[in-house]
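# Remarks on the overall topology
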Amino acid sequence: MRTILTVDDSTSMRQMVKATLQSAGYGVVEAADGQEALEYARDNAVDLVISDVNMPRMDGITLIGELRALPNYRLVPMLMLTTESSQEKKLEGKRAGATGWIVKPFNPAQLIATLKKLL
Amino acid sequence: MDQDDIHNLAPLLLLAVRQLDAAMLDASAEAELLSRAVASLGERGAHLRDTGGDTTQAKALPIIADAQRAMRALQFHDRLSQRVTHVRDALARLHAVVATGEGEEWRKVREAIRASFTMEDERQIFDALVATGSRPKLQRDERDEHRDPASSGSVEIF
């Protein structure tokens, strides 16, 4: 089973992402912010990362940069899932190593279709 | 605005901050319950689709579709929470300025408020109303102009 690490400080958003991914047969690991996700990633491999941008302790763009520095995560697809839609932020995410950018609210069917393309 | 006005304004700003804190706490708990219920509905639908016979699978598909629509609609709470939090933080900054009389200068307050925004339409509204300072009230059609429905739900692979 493919495992996806989903990172968001909103409990309800994590629940909805988790339900969407599990309904498509993916295993899900949750983290409430970038710091928690990075600590998990240092000891565990996942197949894809979905992260919010604005979070306490460590934001999503910093997280992506830190993950890209880990040998196991150089080639792992990483999607940003955020309310941010400005081109500047998207460029910042792309430079940090993000694979793609999804603006909330996400469409569950569209999210699953995107994951199938990336995995 | 004289010192008496400022003296009366400070506690009202603090009251607004506390009211928003209480409202957000109530809403978060209820939104969490609701999202859990919808997520559970989606999971049950997916289980029926994956394990049932043809008839069961056919019945499960509309349940999954309904759950997915509800999940999308429920994400309003995440956007709402961010907007309310930004208003709350802006009011708290104003309170710090008027209550102590030695807070940040107004320009710094405006810069800090704008920097705290996480949505493009928030920044556009701020720039239209506060940065220019020329229009006191945002009309309905202007709010619609500042919304960016095209970007909601968009997927961009780099």
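Before any of the text, the structure's been laid out above.
Here we summarise the structure given alongside this text.

Criteria and cut-off values
Residues numbered from 1 in each chain as written. Chains lettered and ligands numbered in written order. Predicted model: local features only at pLDDT ≥ 70, side-chain atom pairs only at ≥ 80, totals over all residues. Buried ≥ 20, exposed ≤ 12 C-beta atoms within 10 Å, placed from the backbone. Helix = DSSP H or I, 4+ residues; strand = E, 2+ residues; numbered from the N terminus. Pairing = 2+ DSSP bridges. Right-handed = clockwise from strand over helix to strand, strands pointing away. Contact = placed C-beta atoms within 7 Å. Nonpolar A, V, L, I, M, F, W, Y, C, P; charged D, E, K, R; others polar. Axes fitted to C-alpha atoms, helices over the stretch in contact; angles between N-to-C directions.

## Considering the pairing of strand β5 (residues 100-103) of chain A
The two faces of β5 of chain A match: Gly-100 and Ile-102 of chain A on one face and Trp-101 and Val-103 of chain A on the other face are all buried. In this sheet, β5 of chain A lies alongside strand β4 (residues 78-82) of chain A in parallel orientation, the contact comprising four bridges. Note that in β5 of chain A the partner of Leu-81 of chain A across the bridge is Ile-102 of chain A. Between the parallel elements β4 of chain A and β5 of chain A, the chain passes through helix α4 (residues 87-96) of chain A in a crossover that is right-handed. As paired strands, β5 of chain A and strand β1 (residues 155-157) of chain B are joined by three bridges and run antiparallel to one another. Residue pairing in the sheet places Trp-101 of chain A in a bridge with Glu-156 of chain B of β1 of chain B.

## Here's the deal with the interface of chain B and chain A
With 31 residues of chain B at the interface, the matching set in chain A holds 32 residues. Of all the elements in the fold, those that place two or more residues in the side of chain B that touches chain A are α1 (3-51), α2 (54-74), α3 (76-100) and β1 of chain B. Sort the elements by how many residues they give to the side of chain B that touches chain A and α1 of chain B lands first, with eight residues. Counted by class, the side of chain B that touches chain A contains 10 nonpolar, 12 polar and nine charged residues.

## Examining the sheet that holds strand β3 (residues 48-51) of chain A
Pairing is mixed across the open sheet formed by six strands, whose spatial order is β2(A)-β1(A)-β3(A)-β4(A)-β5(A)-β1(B). Every interior strand has two partners, whereas the edge strands, β2 (27-31) of chain A together with β1 of chain B, have only one. On average, each strand axis in the sheet is inclined to that of its neighbour by 20°, with strand direction left out of account. Inspection of the sheet shows strand β1 (residues 3-7) of chain A paired to β2 of chain A by five bridges, in the parallel sense. Residue pairing for β2 of chain A: Ile-4 of chain A is matched across the bridge by Val-28 of chain A.

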